[in-house]
Amino acid sequence: MLVMEVLKEHNVKAGPDITVKNTVIGVLALQGAFREHIGAIKKCGAMAREIKFPQHLDSVDGLIIPGGESTTIYKLMQKYNFGPALEKFYNQKKPIFGTCAGLILLAEEVKGDSFGFGYIDITVDRNAYGRQVDSFELPVVLKLGSANANNNIIFESGAETAAGPDKFHAVFIRAPKIEKAGEKVQVLGSVDSVPVLARQENVLVCAFHPELTDDLRIHQYFIDMVIKSKNMIKSDANN
Amino acid sequence: MEKGTIRVKAGLAEMLKGGAIMDVTTPQQAKIAQEAGAVAVMALERVPADIRAEGGVARMTDPEIILKIMDAVSIPVMAKCRIGHFAEARILESIGADYIDESEVLTPADDKYHINKWDFKVPFVCGATNLGEALRRIGEGAAMIRTKGEAGTGDVIEAVKHMRVIKDEIARIAVLPYEELMTAAKEMGAPYELILYVHEHKALPVVNFSAGGLATPADAALIMQLGADGIFVGSGIFKSENPLKMASAIVEATTHYNNYEVLARVSRNLGEPMRGIHTGTISENDRLAHRGW
């Protein structure tokens, strides 16, 4: 319920009918760690739905593409023709959050591969960190609060975490490396000057796995993105 | 920066969930598996059905074959070592295998002890037929469990049995009064701390896949509905008439395991599945699932 409290505190006008509680986040459930994302979304107080076919996208406000095997997820998305529905979702400015494999699928360019929906201007090397024996974990400093003045609502709250108030314990598993990020991309966290959490408008990507730890701050940040986009869509509709 | 921690080891298994891991013996087969949507491949010299048919001592696969398979695909590559054979495991770790299966399918190298898997940076998956065995392997450092079934048979009955046994035993531990947990740990031969974990969480501390006898999309759906986190398909793919079609169908069945429209669609016109052996005709001595201590 943190987001609601903070929203109130900062007098953010969410409108009477748009709250965390009635925000629905879809989690692509073709393969990978989708249950963990669903658990995290529910702990944040929002609703979560499994997305197994493109038509399921119609009933959600935001989408998470989870970690898993990017080749497998991509092949299944192709098989079920997710492309047009996802394009519509993206054009409606509904937020999309990709972790690990999800980051790869949302990237503009994936080295040596043909996939990538091209919704965030990054170039990704899938195997640059090495194989499984090179997988690692470490605390990462995140700058979510400083993205812009209105965005200041989540990470200034000093939520308790093992890694410290300004750090996030990040777990990297055969992680993709963001080798290049375009000008429009905000880097929200990096390791050795390589971006690991980045955002371009309504697309958020993360090279590590926030769903494998109990720290909910990145999910809360995403839910906040979704609430803001719902407000925008609503005020556009009213005008 | 920490590497080889239990969190990153078990984390890879988390990422494989809802997927099918397939046995392959050549780079060409590995590419077919990847094309079909496998989440990982198990690089082998012979699939279990051939090991069973040909007999002799089954050992670690030639590293050259594993390296060629690693070159051919971008998905994770797993490899098997013999039970207790830590030297084979070290060799597999040194060539960069992504996961090691300390497997009863190969001829055991130690009749008493399994590998101390905490010593390794590479994660291990181990077979189990019941909760005690699963928790002993996790106690030794396994980051992933797979129920054993009976490899190389194409007969799903043992896979079903082992999945149900583990599920039932977890359910029983979850409801036992606290004072009975130590005796339960003693009787199951399981570490007490892990019994406490299962009591509290009503689940294993790591991912549990199913293996040993799955041969069709319907088998995959059955075992997923019984609570498997994902599946291993050994001989079932490349012993079938149309491997790419069978592999793709099994991948879809693993994702949509409770959607019978999809299951019916993918089950059509697959050609002949692997012929298989009825497990009941295999003598106790020839059963691979008994290997493991």
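About the thresholds
Residues numbered from 1 in each chain as written. Chains lettered and ligands numbered in written order. Predicted model: local features only at pLDDT ≥ 70, side-chain atom pairs only at ≥ 80, totals over all residues. Heavy atoms only, no water. Contact = heavy atoms within 4.5 Å. Buried area = accessible area lost by both parts, 1.4 Å probe. Salt bridge = Lys/Arg side-chain N within 4 Å of Asp/Glu carboxyl O. Polar contact = N/O pair within 3.5 Å; in protein donor to acceptor, adjacent residues only side chain to side chain. Helix = DSSP H or I, 4+ residues; strand = E, 2+ residues; numbered from the N terminus. Nonpolar A, V, L, I, M, F, W, Y, C, P; charged D, E, K, R; others polar. Buried < 20%, exposed > 50% of the residue type's maximum accessible area, 1.4 Å probe, protein only. Phe/Tyr/Trp six-rings, centres within 6.5 Å; stacked < 30°, edge-to-face > 60°. Lys NZ or Arg CZ within 6 Å of the ring centre and 35° of its normal. Disulfide = S-S within 2.5 Å. Pairing = 2+ DSSP bridges. Axes fitted to C-alpha atoms, helices over the stretch in contact; angles between N-to-C directions. Right-handed = clockwise from strand over helix to strand, strands pointing away.

A. Main features of the interface of chain A and chain B. At the interface, 38 residues of chain A touch 42 residues of chain B. In this assembly, chain A packs against chain B so that about 3200 Å² is buried in total across both faces, 54% of it on carbon and sulfur atoms. Three residues, Arg131, Val133 and Glu137 of chain A, lead the burial of chain A against chain B; their summed loss comes to 20% of the area buried on that side. At the junction of chain A and chain B, the tally comes to seven salt bridges. Where chain A meets chain B, there are 25 residue pairs in polar contact (both at pLDDT 80 or more). Of all the secondary-structure elements, those providing two or more residues to the side of chain A that touches chain B are α2 (34–43), α3 (70–79), β7 (136–141) and β8 (167–172) of chain A. Take the side of chain A that touches chain B: its biggest share by element is five residues, from α3 of chain A. Partitioned by chemical class, the residues of the side of chain A that touches chain B number 14 nonpolar, eleven polar and 13 charged.

B. Region of interest: the environment of histidine 278 of chain B. Residues and elements named next belong to chain B. Inspection of the secondary structure puts histidine 278 in the segment after α13 (260–267). Judged by relative accessible area, histidine 278 falls into the exposed class, the value being 53%. The spacing of histidine 278 and aspartate 155 is 123 residues in sequence and 6.0 Å in space, taken between C-alpha atoms. For histidine 278, the side chain forms a polar contact with the side chain of aspartate 155, separated by 3.4 Å.

C. Looking closely at the packing of aromatic side chains. Counting across every chain of the model gives 13 aromatic pairs over all chains. An aromatic cluster is present here, built from Tyr74, Tyr90, Phe115, Phe117 and Tyr119 of chain A joined pairwise through their rings. A cation over a ring is seen here: lysine 177 of chain A above tyrosine 129 of chain A, with NZ or CZ 4.8 Å from the ring centre. Seen from the ring of phenylalanine 120 of chain B, arginine 90 of chain B lies directly overhead, with NZ or CZ sitting 3.8 Å from the centre.

D. Spatial organisation of the state of the cysteines. Residue and element names in this part refer to chain B. Considering all chains together, one arrives at zero disulfides over all chains under this definition. Sulfur of cysteine 81: no disulfide; nearest cysteine sulfur belongs to cysteine 126 and is 8.0 Å away. Of the residues examined, cysteine 126 reaches a relative accessible area of 0% and is grouped as buried.

E. Structural detail: the sheet that holds strand β6 (residues 120–125) of chain A. Residue and element names in this part refer to chain A. As summarised here, the arrangement of the three strands in space is β5-β6-β9, forming an open sheet in which the pairing is mixed. Two strands lie at the open edges of the sheet, namely β5 (107–110) and β9 (177–181), each paired on one side alone. Within the sheet, the average angular offset between the axes of one strand and its neighbour, ignoring direction, is 35°. Strand direction decides the pairing type here: β5 and β6, joined by three bridges, are parallel. Paired with glutamate 109 across the strands is threonine 123, a residue of β6.

F. Quick peek at the pairing of strand β3 (residues 40–43) of chain B. Residues and elements named next belong to chain B. Of the two faces of β3, both are covered, the one formed by Ala40 and Met42 as well as the one formed by Val41 and Ala43. Viewed along the sheet, the connection from strand β2 (residues 20–24) through helix α2 (residues 27–36) into β3 turns out right-handed. Pairing geometry for β3 and strand β4 (residues 77–82), over three bridges, is parallel. Among the inter-strand pairings, valine 41 is bridged to a residue of β4, identified as valine 77.

G. Main features of the sheet that holds β7 of chain A. Across the sheet, three strands lie side by side as β8(A)-β7(A)-β1(B); this open sheet has antiparallel pairing. Because the sheet does not close on itself, it has two edges, and the strands there are β8 of chain A together with β1 (2–3) of chain B. Pairing geometry for β7 of chain A and β8 of chain A, over six bridges, is antiparallel. Bridge pairing links glutamate 137 of chain A to valine 171 of chain A in β8 of chain A. The sheet contacts of helix α1 (residues 6–16) of chain B involve β7 and β8 of chain A, and relative to β8 of chain A the element is tilted by about 55°.

H. Region of the structure containing unusual backbone geometry. All names here are of chain A. Positive phi is not limited to glycine here, since lysine 93 has a value of about 65°. Assignment of secondary structure puts lysine 93 in the loop between α4 (83–91) and β4 (96–99). Exposure remark for lysine 93: the relative accessible area of 48% places this residue in the partly exposed category. Phi at aspartate 192 takes a positive value of approximately 50°, unusual for a residue other than glycine. Examined against the element boundaries, aspartate 192 turns out to sit in the loop between β10 (186–191) and β11 (194–200).

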